[in-house]
Amino acid sequence: MATEKIPTETPPAMSSCRKKKGESATFIQDVRDHIDEFIHASMDEHKTCFQKTIKKMFGMSKAVDERSAAEAKEVESVLPLQTTSD
């Protein structure tokens, strides 16, 4: 017996990992809401959030590398060796 899959429309993945955050919510309420959002998120939402997080991490590390390389170039100096003769 063959079953036919009917294509269903899936909503596009959310643009951010966190859908809502209560401004006046207590810490415990906020954690509960976050866990609830995580449990009820679709696989597409989890995938999008994970990809964004990884991109942010690599973007931040690249920015830090570029900044530290620029600082290293600025700080680099050569001083002549001084000798004393007695």
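Residues numbered from 1 in each chain as written. Predicted model: local features only at pLDDT ≥ 70, side-chain atom pairs only at ≥ 80, totals over all residues. Heavy atoms only, no water.

Caption draft 1: Quick look at the overall build of the chain. Tallying secondary structure elements over the chain gives 2 helices and 0 strands in all. Expressed as a percentage of the 86 residues in the chain, the buried residues total 5%. Carbon and sulfur atoms make up 59% of the accessible area of the chain, which amounts to about 8,700 Å² in all. (Helix = DSSP H or I, 4+ residues; strand = E, 2+ residues; numbered from the N terminus. Buried < 20%, exposed > 50% of the residue type's maximum accessible area, 1.4 Å probe, protein only. Areas by Shrake-Rupley, 256 points an atom, 1.4 Å probe, with all protein chains shown as cover.)

Caption draft 2: Structural detail: the confidence of the model for the chain. Of the residues in the chain, 70% have a pLDDT of 70 or more, and the chain-wide mean is 75. Throughout residues 4-15 the model reports pLDDT below 50, and contacts reaching past four residues in sequence, or to other chains, amount to 9 contacts. (pLDDT = per-residue confidence, 0-100. Contact = heavy atoms within 4.5 Å.)

Caption draft 3: Highlighting a nonpolar patch on the surface. A cluster of nonpolar side chains, Phe27, Ile28, Val31, Ile35, Phe38 and Ile39, forms an exposed patch at the surface whose accessible area comes to about 640 Å². If you trace the backbone, Val31 turns up in helix H1 (residues 27-40). Overall, Val31 belongs to the partly exposed group, its relative accessible area being 33%. (Patch = residues over 30% accessible without salt bridge, like charges linked within 9 Å, V, L, I, M, F, W, Y side chains within 5 Å. Salt bridge = Lys/Arg side-chain N within 4 Å of Asp/Glu carboxyl O.)

Caption draft 4: Highlighting the environment of Arg18. Of note, Arg18 is situated in the segment before H1. Arg18 sits 20 residues away from Phe38 along the chain, and the two C-alpha atoms are 8.8 Å apart. Those residues in contact with Arg18 that sit more than four places away from it in its chain are Asp30, Asp33, His34 and Glu37.

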